[in-house]
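Observations on the three-dimensional arrangement
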Amino acid sequence: MGPREPGAAPEDWTAGNGDMDPESFRAAGHRIVDILADYLGSIEEFAVLPQLEPGSIAPQFTQAAPEEPESIEAILADYRALIEPNANHWSHPGFMAWFPSANAAPGVLGEFLTAGIGQNTFLWRTSPVGTELETVVVGWLREALGLPSTFDGFLTDTASTSSLIALGAAREAAGLEAASRGLAARADVASPRVYASVEAHSSIDKAAMTLGIGRANVVHIPVDESFRMRADALMAAIEHDRSAGHRPIAIVATLGTTNTTAIDPVSAIADIAEREGLWLHVDAAYGGTAALVPTLRPLLAGWERAQSIVVNPHKWMSVPFDASLLLTTRMEALRAAFSHVPEYLRSLDQTGPVRDVSEYTPQLGRRFRALKLWVMLRAFGLAGMRRRIAWHVEMARELAARIDADPDWVVVAPAPFSTVCVRWYPAVLGAPRLVDDPVVAERLDAANQAIMEAVNRTGEVLLSHTRLDGRFTIRLALGHIRGEQRHVDLAWELLRAAAADQTIDFDQP
Ligand code: PLP
């Protein structure tokens with residue numbers, strides 16, 4: 001199909017056997033950019049979280065797949081009517097739940113380009129530019145995070161996958177030959193043990209489940225009063241396991257835990273890992289981004305001694321989901337764990353050394369994630385990224401101080417990054433010893449839950465919760481690329497207003 005005269009009627013591409021023609025694509029593409037610009041421009045008019053009943057959305061869609069072509073206009077009209085109002089608005093600046101995974105606009109443009117250029121980056125041959133730009137962008141990030149050039153790596157979809165790959169490599173590096181021989185019915189293999197704190201993310205357990213290590217062989221080490229792994233307890237667990245005939249293989253230190261953003265003492269843990277000859281994997285999926293800011297980098301000091309590190313650009317860096325950075329000093333161990341190259345994947349025309357990234361990953365096909373990172377990092381500049389991250393931390397620290405100063409509220413964990421964990425604890429209850437009373441504690445839990453739910457019902461802010469020491473805790477995860485001081489102020493105002501509405505009588509038996 002050749003170029004058309006300007007103003008010529010669009011050809012009916014739907015009647016033929018091929019794809020949409022370029023001019024129809026152009027018109028539809030412009031329309032989509034308009035829709036997204038309007039959406040992002042007016043996002044605060046939406047409730048962050050629409051109030052929806054499970055099962056209420058699917059019936060709104062046509063139940064049978066359309067037999068005949070439909071116009072893009074009709075599809076986009078339905079997008080606006082059915083998708084936008086039913087979506088959780090992760091791009092809303094009031095989104096302070098979990099960890100924000102905001103789509104910075106330049107990253108959205110990068111996603112658009114990624115879909116358009118259509119690369120599959122599993123071999124250098126299948127995408128030379130995809131493979132080599134990934135090397136460039138990974139190098140930029142490594143350097144920007146202040147990590148030495150002994151680290152190499154690549155991008156994956158999620159931290160869960162990055163940790164799975166790292167622990168797969170640790171298993172191989174321990175000499176278990178699991179990649180070739182498997183672990184089933186192996187009388188010669190003692191239980192391989194992985195150590196992580198009780199606060200570590202569930203993806204570590206899932207990696208162990210997937211790798212045949214088994215959840216029972218993830219030893220959860222107790223934490224101190226600040227929710228950091230206790231190095232002495234780690235050492236004791238390793239010694240206990242060795243004397244019980246188990247086979248320690250790896251330690252996972254979390255720098256920025258999911259619950260409270262606690263930072264495990266990675267230097268002390270690295271000492272143990274080195275002494276014991278164990279692989280050290282650092283899960284800095286959220287907290288690692290702080291290392292972009294040189295003044296925050298000391299928070300992560302010691303992580304450069306790890307064999308593998310995961311940082312998720314799709315969390316605090318606001319790169320559109322998905323993008324996880326896996327760095328390692330042991331690329332050859334990853335390759336030993338995951339390389340399997342049949343003839344049809346051999347590139348016959350290669351003259352120089354190349355990297356075929358699928359040799360380091362469980363899956364074959366790979367997205368061209370480096371492109372949106374390249375767009376983002378250029379559009380914001382490292383200085384722009386640093387400024388935003390530093391500002392998020394400043395806002396979080398100021399918020400924590402403000403909440404701590406309120407006699408009816410407690411900040412229940414240190415807030416080193418951009419997430420603050422709080423509980424309503426009315427001053428009338430007096431000393432914290434009353435929390436030991438299970439009846440009062442349960443009423444406080446119920447009140448805190450009610451407060452969070454009331455705030456979330458306003459639609460202006462979305463918070464999430466966890467339990468710390470068994471008690472209901474409200475998390476305010478700042479760090480949203482569109483978040484401003486006024487959103488933080490509003491969240492705190494809404495929390496106080498919801499607390500003022502609490503009518504719980506703590507004296508009632
Ligand atoms: N590690 C930590 C510390 C996390 O907080 C999370 C998610 O919040 C993950 C890993 C899992 O991230 P992903 O969804 O990219 O697998």
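Residues numbered from 1 in each chain as written. Predicted model: local features only at pLDDT ≥ 70, side-chain atom pairs only at ≥ 80, totals over all residues. Heavy atoms only, no water.

Considering helix 10 (residues 331–338)
- All of the buried residues in helix 10 are Met331, Ala333, Leu334, Ala337 and Phe338. One side of helix 10 carries all its buried residues, which in axial view fall inside an arc of 160°.
- Buried positions along helix 10 lie against strand 1 (152–156), helix 5 (159–173), helix 6 (178–181), strand 5 (279–283) and strand 7 (324–328). (Buried < 20%, exposed > 50% of the residue type's maximum accessible area, 1.4 Å probe, protein only. Helix = DSSP H or I, 4+ residues; strand = E, 2+ residues; numbered from the N terminus. Arc of directions from axis to C-beta. Contact = heavy atoms within 4.5 Å.)

Observations regarding the sheet that holds strand 3 (residues 218–221)
- Spatially, seven strands are ordered 1-7-6-5-4-2-3 in an open sheet, and the strand pairing comes out mixed. Each edge of the open sheet is held by one strand with a lone partner, namely strand 1 and strand 3. Each strand axis lies, on average, 20° off the axis of its neighbour in the sheet, ignoring direction.
- In terms of strand pairing, strand 5 meets strand 6 (residues 308–311) through three bridges, oriented parallel. Paired with Val282 across the bridge in strand 6 is Ile309.
- On top of the sheet, helix 10 reaches strand 1, strand 5 and strand 7; it is set at about 50° to strand 1, its chief contact. (Pairing = 2+ DSSP bridges. Axes fitted to C-alpha atoms, helices over the stretch in contact; angles between N-to-C directions.)

So, the site of the ligand
- If you check the shell around the ligand, you find 13 residues, and the closest are Ala159, Ser160, Thr258, Asp283 and Asn312.
- Between the ligand and the protein, one listed contact pairs an oxygen atom with a side-chain N or O atom of Thr258 at 2.8 Å.
- Within the side chain of His314, a nitrogen or oxygen atom sits 3.2 Å from an oxygen atom of the ligand.
- For the ligand, whose free accessible area comes to 390 Å², the fraction covered by protein is 86%.
- Residue composition of the shell around the ligand, by class: three nonpolar, eight polar and two charged. (Near = heavy atom within 4 Å. Polar contact = N/O pair within 3.5 Å; in protein donor to acceptor, adjacent residues only side chain to side chain. Areas by Shrake-Rupley, 256 points an atom, 1.4 Å probe, with all protein chains shown as cover. Nonpolar A, V, L, I, M, F, W, Y, C, P; charged D, E, K, R; others polar.)

Here we look at the pattern of salt bridges
- Summed over the entire model, instances satisfying the criterion amount to 31 salt bridges.
- Ionic pairing is found between Asp224 and Arg228, a salt bridge with its closest N-O pair at 2.8 Å.
- Notably, a salt bridge pairs Asp322 with Arg367, separated by 3.0 Å at the nearest N-O pair. Placement of the pair is Asp322 in the loop between strand 6 and strand 7 and Arg367 in the loop between helix 10 and helix 11 (370–404), with a sequence separation of 45 residues.
- Residue Asp322 is classed as buried on the basis of its relative accessible area of 11%.
- Among the ionic contacts, a cluster of salt bridges with common partners joins Glu111, Asp322, Arg367, Arg369 and Lys372. (Salt bridge = Lys/Arg side-chain N within 4 Å of Asp/Glu carboxyl O.)

Concerning the sheet that holds strand 11 (residues 471–477)
- Taken in spatial order, the four strands of this open sheet run 8-9-11-10, and their pairing is antiparallel. Unpaired on one side and paired on the other, strand 8 (409–411) and strand 10 (464–468) mark the two borders of the sheet. The sheet shows a mean angle of 40° between the axes of neighbouring strands, taken without regard to direction.
- Contacting strand 8, strand 9 (419–424), strand 10 and strand 11, helix 12 (residues 438–457) runs over the sheet at an angle of about 30° to strand 11.

Focus: the nonpolar core
- Among the nonpolar cores identified, the biggest contains 65 residues, and Leu234, Ile251, Leu280, Val282, Trp303 and Ile309 are the most heavily contacted of them.
- Two domains each put at least three residues into this core: domain 2 (119–367) and domain 3 (377–500).
- Non-local contacts of Ile251, meaning those with residues more than four positions away in its chain, are made with Tyr195, Met229, Leu234, Ile238, Ile269, Ile272, Ala273, Leu278, Trp279, Leu280 and His281. (Core = buried A, V, L, I, M, F, W, Y, C linked by side-chain atoms within 4.5 Å. Domains from an automatic or database assignment.)

Considerations on the domain arrangement of the chain
- Looking at the chain, the domain boundaries give domain 1 (21–89), domain 2 (119–367) and domain 3 (377–500).
- Of the roughly 580 Å² buried where domain 1 meets domain 3, counting both sides, 56% is carbon and sulfur surface.
- When the buried surface of domain 1 facing domain 3 is broken down by residue, Glu44, Val48 and Leu49 rank first, second and third, together holding 60% of it.
- For the pair domain 1 and domain 3, the number of links is one salt bridge.
- One salt bridge in this structure joins Glu44 and Arg486, with 2.9 Å as the shortest N-O distance.
- Where domain 1 meets domain 3, there are three residue pairs in polar contact (both at pLDDT 80 or more). (Buried area = accessible area lost by both parts, 1.4 Å probe.)

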